Amino acid sequence: MDADGVGNPEGSIGETAQARFRRSTGVKEQGTFVEGLPRNLGGPVVFTLKPVSGTSRPTPGRWASRPLAQRSEPGTRRDTAPRGKTGAAAGRTAGSRSARVVPLKRGNSTQRTPWRKGGRLVTRPYAGKRVEMPSSRTIYTKRERIAELARKAPEMAFTSLNHNLDLDWLKEAYRLTRKDGATGVDGQSADEYAADLEGNLQALLDRAKSGSYFAPPVRRVHIPKGGRSETRPIGIPTFEDKVLQRAVVMILECIYETDFLPCSYGFRPGRSAHQALEALWKQTMTMRGGWAVELDIRKYFDTVSHSHLRTLLNQRVRDGMLLRLIGKWLNAGVMERGQLSYPEAGTPQGGVISPLLANVYLHEVLDVWFEQEVKPRLRGRAFMIRYADDAVLVFEHETDARRVLEVLPKRFGRFGLTLHPDKTRLVRFDPPRSPDDPGPGSFDFLGFTHHWGRSRKGRWIVKRRTASNRLTRSLKRIADYCRRNRHEPLAKQHMALRRKLQGHYGYYGITGNSRSLSRFRNEVGRIWHKWLRRRGQRHLMDWDRFNRLVSIYPLPPAVTVHSCLRRAAKA
């Protein structure tokens, strides 16, 4: 019999197993010895009893080898001895030849086992002690209560929210904070902060509640952008600042997630860029094209007006402690190349709370304005898809699109924002109407170029391919890696290139983009071969030798990770 029963197919247990189980699970009670198998957590456990000397030998496994439906349950005649009979006599008359059967009993569940007031234990690094972390279910209940109040009263401003911010809330915020990010101006890592986690969190809570918390400046670094010379400034807060910002975001998300419109997809829980792309594709196909306004805000995160942002926050949140913390983060300085500055506008891109504040700002500036004021005044249909500061507005009629495009700079100017003159444009986006038609235009959104093309059945559909600037940027990064690491072992280079290709497929692997994926893979192979030839002066890595090398270290083939056909088949 298998491990779920109590005996082997012959109906007896070997001597070695008896000795092992007697040491681990045996207890003596009332003249008998209990023999049991190791507990199968979460499932039924069956025990047999071996009588003491002087009684007849039982037949192990006879009752346990039967199906569970045929076994006796507690309270039946097989489980209880007749009145007036005890000890060995009771065992000889209790439904088996000579042994009494212990009733079926379920083991302890292995999932969500409570530990001391619903918490769970986490080992402190370095100190070797245990810190009791809060149950996520308790925090989830509090957040659901706030969200329910926000749904019931969409116009109400919350004046008392800081009582939710306690030590357990900070522990949950710490759990949700990334531990592998770059360090801030203090150079403290997540492991160093966790050495005295409970003490650090308690001190942070006391400073935040008393108002003595000081927001340290963010460390600014620049990363490459889409253009050749453009860079994107990123602000890196300290780890402790990230934890407190995450705790405040956990409160504000409960309110604003009930207010945000379905057209917003950027930096929201449960939403992604691929969902925004799918919504844009479906609505464009339903409308059969039209006129698209490609919208881009110039340096959005650096030009957010602090005064307008505070006014918008006061419409829903009037808790003094939370507003005071947000004000400190907005006024925190920026440390760049050893120089400390205090910008008068903007929220550092890279902070934990910055995406939420950016969504709150554009929710009032663009989303609500477009839905409540613009769409009722249009002649035809229209929709908008926004991801952070990038948005696409599609209109059925050209006149509607041009009217809105004329009003957009004035609308954004009222809130201190400026549209990018080159990236904000109007595009005709509908299927070709005749063979002589030059064809519709195309636009870029979230790294993909959207255009019309023929399907396999000859119909006009919206297709998407990797944007040319994104493809060029990715190939430049591959070439830079191969150049700097061409003297490393081939196995190490191969593993790094595999991860880079799989990451590229993970984002750009959508339905209809297989040609761009295959081109990217072929270019990666060509770049790898180019820099392997330059490992020495003799250029021994010709194409025949490289093809043999690729057969040993193959590059992953192009894969459509986000396939709508695969999702439809599963549904």
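About the criteria used
- Residues numbered from 1 in each chain as written.
- Predicted model: local features only at pLDDT ≥ 70, side-chain atom pairs only at ≥ 80, totals over all residues.
- Heavy atoms only, no water.
- Phe/Tyr/Trp six-rings, centres within 6.5 Å; stacked < 30°, edge-to-face > 60°.
- Helix = DSSP H or I, 4+ residues; strand = E, 2+ residues; numbered from the N terminus.
- Buried < 20%, exposed > 50% of the residue type's maximum accessible area, 1.4 Å probe, protein only.
- Lys NZ or Arg CZ within 6 Å of the ring centre and 35° of its normal.
- Salt bridge = Lys/Arg side-chain N within 4 Å of Asp/Glu carboxyl O.
- Expected span 1.5 Å × (residues − 1).
- Bend = angle between axes of the 7 residues up to and from the residue.
- Contact = heavy atoms within 4.5 Å.
- Pairing = 2+ DSSP bridges.
- Axes fitted to C-alpha atoms, helices over the stretch in contact; angles between N-to-C directions.
- pLDDT = per-residue confidence, 0-100.
- Parallel < 35°, antiparallel > 145°, perpendicular 65-115°, else oblique.
- Left-handed = near helix turned anticlockwise from the far one by under 90°.
- Nonpolar A, V, L, I, M, F, W, Y, C, P; charged D, E, K, R; others polar.

### Digging into the packing of aromatic side chains
Part 1 of the reasoning: Applying the stated rule across the entire model yields 15 aromatic pairs.
Part 2 of the reasoning: Seen in terms of ring centroids, Phe370 and Phe395 are 6.2 Å apart; in terms of plane orientation they differ by 70 degrees. Their pairing is edge-to-face. With Phe370 in helix H12 (residues 354-374) and Phe395 in strand E14 (residues 390-395), this pair connects stretches of sequence that are 25 residues apart. The residues Phe370 and Phe395 share a single accessibility class, namely buried.
Part 3 of the reasoning: A cation over a ring is seen here: Lys500 above Tyr481, with NZ or CZ 5.0 Å from the ring centre.

### Some thoughts on the pattern of salt bridges
Oppositely charged side chains are able to pair whenever their charged atoms sit close together.
Part 1 of the reasoning: Tallying each qualifying case throughout the model produces 23 salt bridges.
Part 2 of the reasoning: A salt bridge links Arg207 to Glu240, with the nearest nitrogen and oxygen atoms 2.9 Å apart. Residue Arg207 is found in helix H6 (residues 197-210), and its partner Glu240 is found in helix H7 (residues 239-256); the two are separated by 33 residues along the sequence.

### What to know about helix H13 (residues 398-413)
Part 1 of the reasoning: Over its 16 residues, H13 extends 24 Å from the first C-alpha to the last, a length consistent with the 22 Å expected when each residue adds 1.5 Å.
Part 2 of the reasoning: Where H13 bends most, the angle comes to about 30 degrees, and this point is Val407, followed within four residues by the proline Pro409.
Part 3 of the reasoning: Every buried residue of H13 is accounted for by Asp400, Ala401, Val404, Leu408, Arg411 and Phe412.
Part 4 of the reasoning: Contacts from the buried residues of H13 go to strand E10 (290-296), H12, E14 and strand E15 (425-429).

### Considerations on the sheet that holds strand E17 (residues 448-454)
Part 1 of the reasoning: Taken in spatial order, the three strands line up as E16-E17-E18 in an open sheet, and their pairing is antiparallel. Each edge of the open sheet carries a strand with a single partner, namely strand E16 (443-445) and strand E18 (460-466). Pairwise comparison of adjacent strand axes, ignoring direction, gives a mean angle of 40 degrees for this sheet.
Part 2 of the reasoning: As paired elements, E16 and E17 share three bridges and run antiparallel to each other.

### A few points about unusual backbone geometry
Part 1 of the reasoning: Backbone geometry at Lys299 places phi at a positive 45 degrees, although glycine is not the residue there.
Part 2 of the reasoning: As for its position among the elements, Lys299 is in the loop between E10 and helix H9 (300-303).
Part 3 of the reasoning: In this model, Arg337 sits at a positive phi of 55 degrees, which is unusual for a non-glycine residue.
Part 4 of the reasoning: Along the chain, Arg337 falls in the loop between strand E11 (334-336) and strand E12 (339-341).

### A closer look at the confidence of the model for the protein
Part 1 of the reasoning: Per-residue pLDDT for the protein has a mean of 80; in total, 74% of the residues score no lower than 70.
Part 2 of the reasoning: When the criterion is pLDDT under 50, residues 1-131 qualifies, and its contacts beyond four places in sequence or with other chains add up to 157 contacts.

### Considerations on the sheet that holds strand E8 (residues 218-224)
Where strands meet in a sheet, backbone hydrogen bonds hold them as pairs that are either parallel or antiparallel.
Part 1 of the reasoning: Strand order across the open sheet formed by four strands is E9-E8-E11-E12, with mixed pairing between neighbours. Edge positions in the open sheet fall to strand E9 (231-236) and E12, since each of these has one partner strand only. On average, each strand axis in the sheet is tilted by 35 degrees relative to the strand beside it, whichever way the strands run.
Part 2 of the reasoning: Here E11 runs beside E12; their pairing, made up of three bridges, is antiparallel. Following the sheet pairing, Val334 is matched in E12 by Ser341.

### Topic: the packing of helix H4 (residues 167-176) against H6
Part 1 of the reasoning: With their axes 10 Å apart at the nearest point, H4 and H6 run at an angle of 120 degrees to one another. Here H4 lies oblique to H6, going by the angle between them. The hand of the H4/H6 crossing is right-handed. Together, Leu167, Leu170, Lys171 and Tyr174 of H4 and Leu197, Glu198, Leu201, Gln202 and Leu205 of H6 make up the contact between the two elements.
Part 2 of the reasoning: Taken together, the residues of the contact of H4 with H6 break down into six nonpolar, one polar and two charged.

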